[in-house]
Amino acid sequence: MSRPFWKMKTLSEMSKDEWESLCDGCGKCCLVKLEDEDTGLRLETDIACKLFDGETCRCKDYTNRKAKVPDCVVLTPESVHTLPWIPKTCAYRLLAEGKDLYDWHPLVTGDPMSTHKAGMSVIGQTVSVPDEKLDQIDWEEHIVEWPGEGEAD
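Described below are features of the structure shown in this document. The structure presented is a predicted model; accordingly, all values stated were derived computationally and were not measured.

**A closer look at the pairing of strand β2 (residues 42-48)**
- Of all seven residues in β2, five are buried; the element is thus mostly enclosed.
- Here strand β1 (residues 31-35) runs beside β2; their pairing, made up of four bridges, is antiparallel. In the sheet register, K33 faces β2, and the bridge partner there is E44.
- Count of turn residues in the β1/β2 antiparallel hairpin: six residues, of which G40 carries a positive phi of about 80°.
- Bridge analysis of β2 against strand β6 (residues 143-144) gives two bridges, and the strand direction is antiparallel. The residue of β6 that forms the bridge with T45 is I143.

This is the structure:
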């Protein structure tokens, strides 16, 4: 039996389809993150990007996301190593760190809904806020800790 592609190839050796299939659909990367400029402390929020569909955990316009949301970060095999906010459960991060995928990952289970079933996604738990209202938010009310992302996890 042959080994799965993610165990045989580096991130940079993967085809576009293989690369895209690594995304487990958790949605955590599509949420606003806060960072304290003085301490570097990063906090997660439940506030989603304007293109994020909280009921499907997918981008509403994935192909054009960078044009519509200029600060959207497009992951590459190179950038994975330089972005400290990538979720701890993210397949891209795990593989970049020499680790394996979690047993709930869709590539492991064969079930595209397994991330949601395992409670590792943000499906149905996010808030959409229009850009013009972001400066009026009480950010403390939106700070969350997602499963798999805490210090004890």
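**A look at the environment of G54**
- Mapped onto the secondary structure, G54 falls in the loop between β3 (52-53) and β4 (58-59).
- For G54, a relative accessible area of 14% translates into the label buried.
- Those residues in contact with G54 that sit more than four places away from it in its chain are V122, I123, G124 and T126.

About the cut-offs
- Residues numbered from 1 in each chain as written.
- Predicted model: local features only at pLDDT ≥ 70, side-chain atom pairs only at ≥ 80, totals over all residues.
- Heavy atoms only, no water.
- Buried < 20%, exposed > 50% of the residue type's maximum accessible area, 1.4 Å probe, protein only.
- Helix = DSSP H or I, 4+ residues; strand = E, 2+ residues; numbered from the N terminus.
- Pairing = 2+ DSSP bridges.
- Contact = heavy atoms within 4.5 Å.

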